[in-house]
Amino acid sequence: MTPILIFALICGAIGIIYSFVTKSWVASLPTGDQKMIAISEAIKEGAEAFLAREYKTVAIVAVVLFGIIAIGLNLWTALGFIIGVIGSAAAGYFGMVVTVMSNVRTTEAAKKGLQSALSVAFKGGSVTGVMVVALGLVGIAVFYMIAKSMVDVDTAFHALIGLGFGCSLMSVFARIAGGIYTKAADVGADLVGKVEAGIPEDDPRNPAVIADNVGDNVGDCAGMAADLYETYTVTIVAAMLLAKTVFGAGSLWVEYPLLLGGISIIASIIGTYFVKMGGSQYIMGALYKGLAVAGGLAAIAFYFATSWFMGLLPAGQQTMSVMNVFLCAVIGLVLTGLIVWITEYYTGKEYRPVKIIAKASLTGHGTNVIAGLAMSMEATALPALTIVGAILGSYALGGGFAGNPSGGLFAIALSAVSMLSMTGIVVAIDSYGPITDNAGGIAEMAELPESVRLVTDPLDAVGNTTKAVTKGYAIGWQRSQHWFCLPSTRVRSRRQYSLIFPIR
């Protein structure tokens, strides 16, 4: 076992321990009166029923595909496939459990004030975020280590492909099915309540409110956790496969993505303790503080880890300088920050796009829809330009424009891994959204004092932005992955990489 694999396993274990300890802390918090508990239990029952039905369907498909893969390819690839399905499903289910546990406790904490409610909601979200990356990193490291020790190297890498494919299967079901459910329930609740009956959004007289809150958990939390688990796993596996193609199966470059992932888990855990509001009571600023600390610590650690790593390489594989490799990692971190900022600009209530849409709503539904479409189309430009700039910068650092296209593609892969290494803190920020949404619904249905809604409403408004941030983050990764998975002439001559790894 190499030092990098040991480090990755230790970081993954720390992440899992953090998740369970924080989950226990959230569980120890007060849950409010019996009416609040009953509403939370109803939401939990609906979420568990949905996931149980969804997972049964996935299990049938997974068993059939397991047999096909085992017969058509080999048993190790089939085993990787099943492990990927189980890992992604576990991440989604764990995320749902913690979100449901946190919602009623956030409502109760809102009685004490904004900071108390924010702390509970974010800590609940951080459990999901850190668990996603910890399970992903441990799953890859352990399975790769076992497969490599028991079979030949090529079979071990094919097994990793199966792992990524299994994650993708579960992700498709969780994200699409959960997304359709949550939007159908949300629109249905609005039509029944606000449009037809003229009552508030979460009024207890609206029978669709529980379904709406269930949708927040199975779509925006469980579906998102399963999806980003797949995104995180596939990114690392893809970078490892590309390193094998460029440098050879025995190269330490194959394990370098695991080194970046392990560092970022620790940085993300530290970042969660910095999510606190200052005197300005700026909620999004508190969340940004945690993200900035995590990114800053990761960047510093990346430099020293890269220097140490490059010292282990033989001279023939030091195709990039320490600074160039480090800058590739920094590009991924900067891209994460830019996508988060751009997404907030187009979804935050204090900025021009949302104000334009709100103003257009004064003259009717038609102008509201037109303004919304116009802003959404405008919102695609900056992320696209930012991603293209990051791709070109990484490609140049890898020597792509200097006659080394393979190195350029691998440099893009490193930036993508660095970007996705922040999944823990980004998912924590995202999971905060469904928790605060549910908390507001519980406060309304339990007929709590108006002072509670004055706390949960601004938290929920920011939660809508944080949920959008993760969508931009995941889509930004997918666009980057498409580029580094395209085979250059040189890579094609050695292995058809883009054909052996599935790209969604």
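Just so we're clear, the structure is a prediction, and the values are computed from it rather than from any experiment.

Moving on to the overall build of the protein. Within the protein one finds 17 helices and zero strands. Over its C-alpha atoms the protein spans a radius of gyration of 23 Å, differing by no more than 12% from the 23 Å that the globule rule assigns to 504 residues. Projecting the C-alpha coordinates of the protein onto the three principal axes gives extents of approximately 70 × 45 × 40 Å. Evaluated residue by residue, the protein yields a buried proportion of 56% over its 504 residues. Sequence-distant contacts, at least 24 apart, represent 81% of the contacts inside the protein between residues at least 6 apart. In the structure as shown, the protein presents an accessible area of about 19,100 Å², 70% of it carried by carbon and sulfur atoms. One way to put it: in the protein the 30 positive side-chain charges average out to a point 8 Å from where the 30 negative ones average out.

Attention shifts here to helix 1 (residues 3–27). When the terminal C-alpha atoms of helix 1 are compared, their 36 Å separation across 25 residues agrees well with the 36 Å that a helix rising 1.5 Å per residue should span. All of the buried residues along helix 1 are I4, L5, A8, L9, C11, G12, G15, Y18, S19, T22 and V26.

Below, the discussion takes up a nonpolar patch on the surface. Residues I300, Y303, F304, M323 and L327 make up a contiguous nonpolar surface patch of about 480 Å² in total accessible area. When contributions to the nonpolar patch are tallied by element, the ones reaching two or more residues are helix 8 (283–312) and helix 9 (322–347). At three residues, the largest contribution of residues to the nonpolar patch is made by helix 8. Position of F304 among the secondary structure elements: in helix 8. Look at F304 and you get exposed, because its relative accessible area is 58%.

Counting residues in each nonpolar core, the largest one holds 121 residues, and the members touching the most others are L160, W253, L258 and L287. A total of 16 residues in this core trace back to one element, the largest contributor, which is helix 6 (residues 209–247). Setting aside chain neighbours within four positions, we find W253 in contact with A243, F247, F309, M310, L313, Q317, V325, F410 and L414. With eleven residues, the next largest nonpolar core counts V58, F81, A89 and M170 among its residues.

Moving on, we get to the packing of aromatic side chains. Applying the stated rule across the entire model yields 18 aromatic pairs. Relative to F309, the ring of Y256 has its centre 4.7 Å away and its plane inclined at 40 degrees; by these criteria the two rings are tilted. Here Y256, found in helix 7 (residues 256–272), pairs with F309, found in helix 8; they are 53 residues apart in sequence, far enough to count as distant. Neither Y256 nor F309 differs from the other in exposure class; each is buried.

To continue, consider the confidence of the model for the protein. Of all residues in the protein, 93% have pLDDT values of 70 or greater, and the mean over the chain is 85. Across residues 486–504, confidence stays below pLDDT 50; counting only partners more than four residues off in sequence or on other chains, it has 50 contacts.

Thresholds applied
- Each chain has its residues counted from 1, running along the sequence as written.
- Residues qualify for local features only when their pLDDT is at least 70, as the model is predicted, and side-chain atom pairs are given and counted only at 80 or more; totals for whole chains, interfaces and linings, by contrast, use all residues.
- Side-chain measures here rest on the full set of heavy atoms in the structure, leaving out hydrogens and waters.
- Put simply, DSSP H or I for four residues or longer makes a helix, DSSP E for two residues or longer makes a strand, and each gets a number counted from the N terminus.
- In this treatment the radius of gyration is a C-alpha quantity, and the globule benchmark scales as 2.2 Å times the residue count to the 0.38 power.
- Exposure is judged per residue with a 1.4 Å probe applied to protein chains only, and the accessible area is read against the type maximum: over 50% gives exposed, under 20% gives buried, and values in between give partly exposed.
- Residues count as neighbours in contact if any of their non-hydrogen atoms are within 4.5 Å of one another.
- Note on areas: these come from Shrake-Rupley sampling with a 1.4 Å probe, and a residue is covered only by the protein chains present in the view.
- For the charge count, each Lys or Arg is scored as positive and each Asp or Glu as negative, with His and the chain ends excluded.
- Positions of charges follow a simple convention, taking NZ of Lys, CZ of Arg, CG of Asp or CD of Glu.
- Expected helix span is taken as 1.5 Å per residue step, with the number of steps being one fewer than the number of residues.
- Patch membership requires over 30% relative accessible area and the absence of a salt bridge. Like charges are linked within 9 Å, and nonpolar side chains (Val, Leu, Ile, Met, Phe, Trp, Tyr) within 5 Å.
- A carboxyl oxygen of Asp or Glu within 4 Å of a side-chain nitrogen of Lys or Arg is what we treat as a salt bridge.
- Put simply, a nonpolar core is a bunch of buried Ala, Val, Leu, Ile, Met, Phe, Trp, Tyr and Cys residues held in one set by side-chain atoms that sit within 4.5 Å of each other.
- Stacked, tilted and edge-to-face are the three classes applied to pairs of Phe, Tyr and Trp rings, where Trp contributes its six-membered ring and a pair requires centres within 6.5 Å; stacked means planes under 30 degrees apart, edge-to-face means over 60, and tilted covers the rest.
- As a per-residue measure, pLDDT tells how confident the predictor is, with possible values from 0 to 100.

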